[in-house]
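If you want the building blocks of each chain, they are given just below.
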Amino acid sequence: MDKTAPLRIGSKRFTESYILAEVLAQTVRAKEPAARVEVRQGLGNTAIVLAALKAGSIDVYAEYTGTIEREILGQAPGDTNAGTLQALRDALRPMGLGVDVPLGFNNGYALAMRGDVARRLSLTRLSQLKDHATLRLGLSNEFIGRADGWPGLMRRYGLPQQPQGLDHGLAYQALRSGQIDLTDIYTTDAQIAAQSLVVLEDDAGYFPRYDAVLLYRLSLPEQHPQAWAALQSLKGRIHEPAMIAMNAQAELQAQPFDRIAAAFLAGEIGAATAPDAGASQPSGAPTDAATLGSRLLGPDLGRLTLQHLTLVVVSVGLATLIGLPLALLLHPWPRWRSAVLAASALLQTVPSLAMLAVLIWAMGRIGPGPALVALSLYALLPILRNGTVGLDEVPQGLLTAATALGLTRMQVLRFIQWPLALPVMLAGVRTATSLSVGTATMAAFIGAGGFGERIVTGLALNDPALLLAGALPAAALALGFEGLFSLLALWLARRPRH
């Protein structure tokens, strides 16, 4: 057991989880200033964060008892002891995991709708929805697939609606604009009060309690005893009004997560600071202090740029080292060449998130490793394809003449095929680089960093400025690479030929 390793704290991809990760990290740092603490924000949904915890990529994160009971352990509703901490500990122990430190608040699932629509239809309870089949449901993608989400809720209440999936952070905007009538919410969401939403009563008692707790690796208390002791101090400390107030500061006032966590730990956020719906910013727009310029040139710009550059350069470099030699090797054998190209093309059809999920499972880890493998696989096709096309375009007469002059296979490759095919090969690397700059934003979903961090967080907060602060640097990076390749192509075209 490596006791020198940093404490790694994870979070899911929604506002409250981001904030709680910072609260955990700052609590440890306050009690143990020399502690090495890494915060891996926005890793994805429950399945991805749980996989990271099991693999040891993170040590602890804030979870909810209902999620552990229904989604992680797959326990059916009805067992009166299933949701107790001791029962959860017993069930998690064989997985090498533990649960402890109830934080003090319940953040349950519910369905909510605009107040004017609810009043017009006289809707107050979930059981009434079965009589309104035309209602448009926009539910988060995770809720649609969760064991404790839509499938069970639909069966319990006999609901006829067909929901559409969308990101949780965008659902409130869709409600506000009238694009959907109903969405799933977390009961500590600040937008409930800000938009005067009506939360429908779960009159059949479908949803369990979702008390916030810490889900951790059983090795954590022994590996980081001081940090674990510090985390114990959070037991019962975060009450529901305080959590709602913290969510409001992030979603309505665009405050950074670390600043919100620091204010809470300093005692500046509590029941008295719960959001006032009349004073909120229901549009979700950032305040004047959080303009696009300040987000764009934020202190994380250098780190994110370096991470994104690394992902792109390393993945394209690996794909080039594999693709070009493979094109040269397979060029004399058209059947094998076609088979490899078809396999590479097939990889392009795999959605990036599905690819990342498979690689996390296969490699047993999150972070840059799976991201680099995925990006390299996606970059392989244009490089391999252009390599074979470039070699095919070399005139057969030149190759025949070279052979007649007694040139060896390597000499033909070096002095004829390679120089003539190089511009087409370079175009393939250029295409792969442009594609990788965009695809690399997905790496943030598994904690690999890059400009995708801002995009993922912006989606969670429904913050257009933060979304643009991630998208614009990525676009600028793509244009920068295009400029470099244009200069390189110009140099190749003008260089003297011997």
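Above this text is the structure in question.
Values in this document were obtained by computation on a predicted structure and should not be read as measured data.

Attention now goes to the environment of T183. Position of T183 relative to the elements: it lies in strand β8 (residues 182–186). Residue classification places T183 among the buried residues on the basis of a relative accessible area of 0%. When the C-alpha positions of T183 and S140 are compared, they lie 7.7 Å apart, and in sequence the two are 43 residues distant. Setting aside residues up to four positions removed in sequence, T183 forms contacts with A110, L111, A112, G138, L139, A171 and L175. A distance of 2.6 Å separates the side chain of T183 from the backbone oxygen of G138, its partner in a polar contact.

Right, let's talk about the sheet that holds strand β9 (residues 197–199) for a bit. In space, the three strands of this open sheet follow the order β8-β5-β9, with antiparallel pairing throughout. Two strands in the sheet have a free side with no partner beyond their single neighbour: β8 and β9. Adjacent strand axes in the sheet meet at a mean angle of 40° when their direction is disregarded. The sheet contact formed by strand β5 (residues 109–114) and β9 spans three bridges and is antiparallel. The residue bridging A112 from the neighbouring strand is V199, located in β9. Lying on the sheet, helix α8 (residues 168–176) is in contact with β5, β8 and β9; it crosses β8 at an angle near 135°.

One full turn of an α-helix is made of 3.6 residues, so residues set three or four places apart face in the same direction. Spanning twelve residues, helix α17 (residues 352–363) covers 16 Å between terminal C-alpha atoms, matching the ideal 16 Å at 1.5 Å per step. The complete set of buried residues in α17 reads M355, L356, L359 and I360. Taken down its axis, α17 places every buried residue within 135° of arc, on the same side. Every exposed residue of α17 that faces more than 90 degrees away from the buried side is listed here: W361 and A362. Turning to α17, the residues buried within the fold contact α2 (46–55), α16 (334–348) and α18 (368–392).

By the secondary structure assignment, D181 is in the loop between α8 and β8. Judged by its relative accessible area of 13%, D181 is buried. Residue contacts for D181: discarding those within four places in its chain leaves A112, M113, R114, T134, L135, R136 and L175.

Quick look at the nonpolar core now. L103, L129, L153 and I238 are the most contacted members of the largest nonpolar core, which has 67 residues in total. With eight residues, helix α1 (residues 15–31) is the largest single contributor of residues to this core. With residues up to four places along the chain from it excluded, the contact list for L103 reads L20, A212, L214, L234, G236, R237 and I238. Formed by 53 residues, the second largest nonpolar core is a distinct cluster that contains V49, I68, L97 and L324.

Right, let's get into the pattern of salt bridges. Under the criterion given, the structure shown has 16 salt bridges. Two residues, E63 and K12, come together in a salt bridge whose shortest N-O distance is 2.9 Å. In this pair, E63 sits in strand β3 (residues 60–64) while K12 sits in the loop between β1 (7–10) and α1, placing the two residues 51 residues apart along the sequence. K12 carries the same exposure label as E63, and that label is buried.

A cluster of nonpolar side chains, contributed by V314, L318, L321 and I322, occupies part of the molecular surface with about 350 Å² of accessible area. Looking at where L321 falls in the secondary structure, it is placed in helix α15 (residues 301–330). Judged by its relative accessible area of 63%, L321 is exposed.

Take the environment of S376 next. The residue S376 is located in helix α18 in this model. The class of S376 is buried, set by a relative accessible area of 9%. Along the sequence, S376 and A432 sit 56 residues apart, while their C-alpha atoms lie 9.2 Å from each other. Ignoring sequence-local partners within four residues, the contact set of S376 consists of S315, L318 and A319.

Cut-offs and rules
Every chain's residues receive numbers from 1 upward, in the order its sequence appears when written. Owing to the predicted nature of the model, reporting of local features is limited to residues with pLDDT of at least 70; listing and counting of side-chain atom pairs is limited to 80 or more, with chain, interface and lining totals taken over all residues. To obtain the side-chain values, all non-hydrogen atoms of the structure were used and water was disregarded. Numbering of helices and strands runs from the N terminus, with a helix taken as a DSSP run of H or I at least four residues long and a strand as a DSSP run of E at least two residues long. Accessibility here uses a 1.4 Å probe with only protein chains present; expressed as a share of the type maximum, an area under 20% marks a residue as buried, one over 50% as exposed, and anything in between as partly exposed. Whether two residues touch is decided by their heavy atoms; if any such pair falls within 4.5 Å, the residues are in contact. The term polar contact refers here to a pair of N or O atoms within 3.5 Å; inside protein, the definition further demands a hydrogen-donor-capable atom paired with an acceptor-capable atom, and it admits residues adjacent in sequence only when both atoms are side-chain atoms. Only strands that DSSP links by at least two bridges are regarded as paired with each other. Angles here are taken between N-to-C directions and fall from 0 to 180 degrees, while the axes themselves are lines fitted to C-alpha atoms, restricted in helices to the stretch in contact. Helices are assigned an expected span. That span is 1.5 Å times one less than the residue count. The arc in question is the one traced by the directions running from the helix axis out to the C-beta atoms. Each nonpolar core is a collection of buried residues, namely Ala, Val, Leu, Ile, Met, Phe, Trp, Tyr and Cys, held together in the definition by side-chain atoms within 4.5 Å. A carboxyl oxygen of Asp or Glu within 4 Å of a side-chain nitrogen of Lys or Arg is what we treat as a salt bridge. Residues forming no salt bridge and having over 30% relative accessible area are the ones grouped into patches, like charges within 9 Å of each other and nonpolar side chains (Val, Leu, Ile, Met, Phe, Trp, Tyr) within 5 Å. Shrake-Rupley sampling with a 1.4 Å probe provides the accessible areas, and residues are treated as covered by the protein chains on show and by no other component.

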